[in-house]
Amino acid sequence: MEIYNEETTKKVAKKINYSKYGYMYIAPFFIVYLLFNLIPLLFTFYLSVSDVRGFTKIGDSSIIGFENYLDIFKMNIFWEALGNTVIIWILNYIPQIGMAFILAKWFTDLRLRIKAAGIFRAFFYMPNIITAATVAMLFFSLFAYPFGPMNQLYGIFGLDPKDFLNDVWIARIIIAFIQFWMWYGQTLILLMAGIMAISPSLYEAAMIDGATSGQMFRKITLPLLKPIMLFILVTSLIGGMQMFDIPWLLTKGGPDYKTRTIMVLIYEQAFGRQGGGQIYNRSAAMSVILFFIVLAMSIGVAYLMKENKTKGKNGAKYEKK
Amino acid sequence: MKKVLVLMIAVMAVLTLSACEKEDTTLNVWLFTDEIKGMIEDYYLVDNPDLPYTIEISITASADFEAKLDPVLDSKDAPDMVALEAAFVSKYVETGYLLPLDDTTDGDNIAQKAVNNGVMPYTLDIGTNADDGVVAMTWQCTPGAFFYRRSMATVTFGSDDPADVQAEVANWDKFQAAATDLKADGYNIISGYGDLTNVFYAGRTAGWQVDGALNLEDSIEDLFILANEIDPYTAQAGQWSDAWFAEMKGNATTFGYFLPTWGLHYVLVPNSRPEDSTETFATDPATSSWGDWGMVQGPQAYSWGGTWIAGLKTTDKPEACKDLIEYITINQEFQNLWVLKTGDFVSNKALVNSIKTQFSMEFLAGQNHYIMFADFAEGIDGSLMTSIDGTVQNKLANELVLYVNSDGSGDDKSYADCIADFKAEVEAALPDLTVA
């Protein structure tokens, strides 16, 4: 039986006060974000509508409206760069999700009971912890022409040395492979976490009802993994569209500019490659366009994935029949 | 106790701040090679031992030089002086951030002194800003030549005399014919088709930028066709690659190299034999080509590179800058010593004419390279150089690689496609340029 006297009221009052500590704990993040992320972000928006180029000082700049955006939409190079980005991302993502799924299925399968799954997970995750620059140098040396290891292998089989990084599709595939190799471990871990979160009682019930392995996968695992899949797809999309380090370090956008992703183009416009550069306003405008593209894609993906959900009692979500 | 601590911190802060206010007594010079460093340390400082400031030299590779300089230009972090390579000298001259050198108000008119010396006019033209006058000067003049292997000339043409060899490569048609002849004897006329571009560009009628618009001449198509046809007759080595350097040594198959004045001393001579070797072609033809070289003009007069030196307007020591520039570019005694030590070709007609007969290089089997360069220098057209040269030529080189397609991978790119992509790239990289 609660006694509402002065003492207990004070205790209740103390509970409410704890929230101010919560705000204090998250305040540092917001302060840092404000200084290092939000202000540069707003500055980029300003640059994208200004005339800052070459040695023009910020103080002397003025707003020129959306001229930069119109210029960009007329540039073939911009659309090609977007195309390159999407192509390389698709080449990277499909094997990545496929491989991660297969491995996740094997490692979480109760019947297979693979031993030392934890160690395997660590090995698969390792490529992710190597910095991109190191990986790029590794692959650059690997495929060097004419005497890199791959070409020496070719020599053993009696083939002529091939300039791998100067071939359009081979360069793209190598870049996609590097991205795949670096990120499939991460995807694997997320999928495994998602699968292990599914209650085994569902699988047991399905087995009793006579469901096959494939049916269980399609009707239980996949639908319940949708939130994780969404997360993976969105983060991969954001990361993929911003792909810069590997294409830049490996081929700098060549050959014939066919591995020039949109971020490489943004960098080239701002800082030049073999000359040029210092076109800060156009570079900023491209960044803003990229931002909106990624935003649109993320919203689109999220909408597609959540299409069939409705809210039931107590907030539980279930599929509409 | 707390008050004592606070007082101590305050005193320390004041002391450190006051230390910052001491006057800056260094002259910051940014270079991209150690050539000028040698001039400063071995000559300038020897002649001027009591300078009230120290000269601090910072060397950055030329590929990274612009990226390092651009962000600090016209700010307090800018250096006092910079060396500028021909590839980007025009870009910086046009910015208006360089110190004028013909400022007559304090009596120092370095540019005029240079003219009195008989400086090659094109070097001053390149260093002239429309509003500020002459802002960058060079001590060098960089005419180009064609260096050939005498032993190979004897085998294919029957003579290694420069006059006879020049007759064989006097124009581009003869050059191609000579390539075929040399190939029949197992020699490659040049190391790679990339060697041709600089030379070819010197034959244009106007620079890359005319009245704010891109000037793409029809002769560029000839360059592409020539490069494509000559590719099988070359050693297929890219310029500045390891293979390119290797072909300069004794047992190589390459007949000739297009190199300018500095190319002879800094590229060909050091790479003609293994490091620390003193062998000549006569004593060890397998490793050394020293003494087996000759020099002719080649199919086209050209100039390549060069280093300008300039001060920045933001410097707090304009007189010191001008003094160093004057020493390097005008001081006759210094230039005399420098020429005798390095054989460098200086932009000083009076000096050149007085010493040109003195030279004879054992490397060139006794040929006098100086008198030949003096001759070639007369044919240089400085008006062809513009501030966009570096960018434009790099983009064009990318297309040339695809057109020639040495290793035959993929389809050959047609000239029309190359030019279309080239124009798109130039337009994207140089927004202020009108591209037809």
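Shown above is the structure to which this text applies.
Residues numbered from 1 in each chain as written. Chains lettered and ligands numbered in written order. Predicted model: local features only at pLDDT ≥ 70, side-chain atom pairs only at ≥ 80, totals over all residues. Heavy atoms only, no water.

(A) Up close: the overall build of chain B. A count of helices and strands for chain B gives 19 helices and 13 strands. The C-alpha radius of gyration of chain B comes to 25 Å, within 12% of the 22 Å expected for a compact globule of 436 residues. Residue burial in chain B is summarised as follows: out of 436 residues, 53% are buried. The contacts in chain B between residues at least 6 apart in sequence include a share of 74% that link residues at least 24 apart. Here chain B contributes 24 positive and 67 negative side-chain charges, whose respective centroids are spaced 7 Å apart. (Helix = DSSP H or I, 4+ residues; strand = E, 2+ residues; numbered from the N terminus. Rg over C-alpha atoms; globule rule 2.2 N^0.38 Å. Buried < 20%, exposed > 50% of the residue type's maximum accessible area, 1.4 Å probe, protein only. Contact = heavy atoms within 4.5 Å. Lys, Arg positive; Asp, Glu negative; His and termini not counted. Charge placed at Lys NZ, Arg CZ, Asp CG, Glu CD.)

(B) Representation of the environment of B:Gly291 within the structure. Residues and elements named next belong to chain B. Mapped onto the elements of the fold, glycine 291 is located in the loop between helix H13 (261-271) and strand E12 (293-296). When its relative accessible area of 26% is taken as the criterion, glycine 291 is described as partly exposed. Note: C-alpha distance between glycine 291 and glycine 207 (84 residues apart in sequence) is 37 Å. In contact with glycine 291, not counting residues within four places along its chain, are Arg150, Glu362, Phe363 and Ala365.

(C) Region of the structure containing the interface of chain A and chain B. Contacts between the two partners involve 19 residues from chain A and, on the opposite side, 25 residues from chain B. Both sides of the chain A and chain B interface together cover about 1700 Å² of buried area, and 47% of this is carbon and sulfur. Among the residues of chain A in contact with chain B, A:Phe55, A:Tyr257 and A:Gln274 are the three that bury the most area, contributing 35% of the side total. Our enumeration of links across chain A and chain B arrives at three salt bridges. One salt bridge connects A:Asp256 with B:Lys413, and the closest N-O pair in it is separated by 2.9 Å. Residue composition of the side of chain A that touches chain B, grouped by class: five nonpolar, six polar and eight charged. (Buried area = accessible area lost by both parts, 1.4 Å probe. Salt bridge = Lys/Arg side-chain N within 4 Å of Asp/Glu carboxyl O. Nonpolar A, V, L, I, M, F, W, Y, C, P; charged D, E, K, R; others polar.)

(D) Broad picture of the sheet that holds strand E13 (residues 307-311) of chain B. Residues and elements named next belong to chain B. Pairing is mixed across the open sheet formed by five strands, whose spatial order is E2-E1-E3-E13-E6. Looking along the sheet, the strands with just one partner apiece sit at the ends: strand E2 (54-59) and strand E6 (136-137). Across the sheet, helix H2 (residues 35-47) is in contact with strand E1 (26-31), E2, strand E3 (81-85) and E13; its angle to E2 comes to roughly 160°. Helix H14 (residues 318-329) contacts E1, E3, E6 and E13 of the sheet and is inclined by roughly 155° relative to E13. (Pairing = 2+ DSSP bridges. Axes fitted to C-alpha atoms, helices over the stretch in contact; angles between N-to-C directions.)

(E) Expanded view of a nonpolar patch on the surface. Together, A:Tyr18, A:Tyr21, A:Tyr23, A:Met24, A:Tyr25, A:Ile26, A:Phe29, A:Phe30, A:Tyr33 and A:Leu41 line one region of the surface with nonpolar side chains, adding up to about 1200 Å² of accessible area. Tracing the backbone shows A:Ile26 in helix H2 (residues 19-48). (Patch = residues over 30% accessible without salt bridge, like charges linked within 9 Å, V, L, I, M, F, W, Y side chains within 5 Å. Areas by Shrake-Rupley, 256 points an atom, 1.4 Å probe, with all protein chains shown as cover.)

(F) Examining the nonpolar core more closely. By size, the foremost hydrophobic cluster in this structure holds 137 residues, and its most contacted members are B:Phe147, B:Phe175 and B:Phe255. Excluding its chain neighbours within four sequence positions, the residues that come into contact with B:Phe255 are B:Phe146, B:Phe147, B:Tyr148, B:Arg149, B:Met152, B:Ala153, B:Phe157, B:Val165, B:Leu182, B:Asn188, B:Ile189 and B:Trp293. By size, the runner-up hydrophobic cluster in this structure holds 25 residues, among which are A:Trp89, A:Tyr93, A:Ala100 and A:Leu188. (Core = buried A, V, L, I, M, F, W, Y, C linked by side-chain atoms within 4.5 Å.)

(G) Local environment of empty space enclosed by the protein. Counted under the stated rule, the structure contains two cavities of 30 Å³ or more. Considering only enclosed or pocket space, the largest cavity measures out at about 70 Å³ in volume. Lining the largest cavity are 13 residues; nearest its centre among them are A:Glu268, A:Gln269, B:Lys395, B:Ala428 and B:Ala429. Those elements that place two or more of their residues in the lining of the largest cavity are helix H13 (262-271) of chain A together with helix H19 (415-429) of chain B. Within the lining of the largest cavity, the residues separate by chemical class into four nonpolar, four polar and five charged. Looking at the second largest cavity, its volume works out to about 30 Å³. Every residue along the wall of the second largest cavity is listed here: B:Tyr122, B:Thr123, B:Thr138, B:Gln140, B:Cys141, B:Thr142, B:Gly305, B:Gly306 and B:Trp308. Grouping the amino acids of the lining of the second largest cavity by side-chain chemistry returns three nonpolar, six polar and no charged. (1 Å grid on protein atoms, 1.4 Å probe; cavity = no way out; pocket = protein on both sides within 12 Å on 5 of 7 lines; lining within 4 Å. Points joined across faces, edges and corners; volume = space filled by probe spheres on them.)

(H) Region of the structure containing helix H15 (residues 332-342) of chain B. All names here are of chain B. When H15 is considered as a whole, its buried residues turn out to be Phe334, Gln335, Trp338, Val339 and Thr342. Mapping the buried residues of H15 onto a view down its axis gives an arc of 130°, with all of them on the same face. Facing away from the buried side of H15 by over 90 degrees, the exposed positions are Glu333, Leu340 and Lys341. Those residues of H15 that are buried are in contact with H2, H13, H14, helix H16 (349-355) and helix H17 (369-377). For H15, the N-terminal capping position is held by asparagine 331, with its side-chain oxygen 3.1 Å away from the main-chain nitrogen of glutamate 333. Within two residues after H15, glycine 343 carries a phi angle of roughly 75°, on the positive side. (Arc of directions from axis to C-beta. Polar contact = N/O pair within 3.5 Å; in protein donor to acceptor, adjacent residues only side chain to side chain.)

(I) A look at the sheet that holds strand E8 (residues 188-190) of chain B. Residue and element names in this part refer to chain B. Pairing is mixed in the open sheet, where four strands are placed in the order E8-E11-E7-E12. Looking at which strands have only one partner, the edges of the open sheet turn out to be E8 and E12. Going from strand to strand, the sheet's axes swing by 20° on average, the running direction of each strand aside. Contacts from helix H7 (residues 150-157) reach strand E7 (144-149), strand E11 (254-260) and E12, with the element oriented near 70° to E7.

(J) A look at the pairing of E11(B). Residue and element names in this part refer to chain B. Of all seven residues in E11, seven are buried, a share of seventy percent or more. Across five bridges, E7 lies against E11 in antiparallel orientation. From the neighbouring strand, alanine 145 faces E11, where its bridge partner is leucine 259. Of the strand pairs in this sheet, E8 and E11 are connected by two bridges, and their pairing is parallel. The residue of E11 that forms the bridge with isoleucine 190 is glycine 256.

(K) Main features of unusual backbone geometry. Unlike most non-glycine residues, A:Lys252 shows phi in positive territory, near 50°. Assignment of secondary structure puts A:Lys252 in the loop between helix H12 (245-251) and H13. Positioned with a positive phi, B:Asp276 is a non-glycine residue whose angle comes to about 65°. Its location among the elements puts B:Asp276 in the loop between H13 and E12. A relative accessible area of 76% places B:Asp276 in the exposed class.

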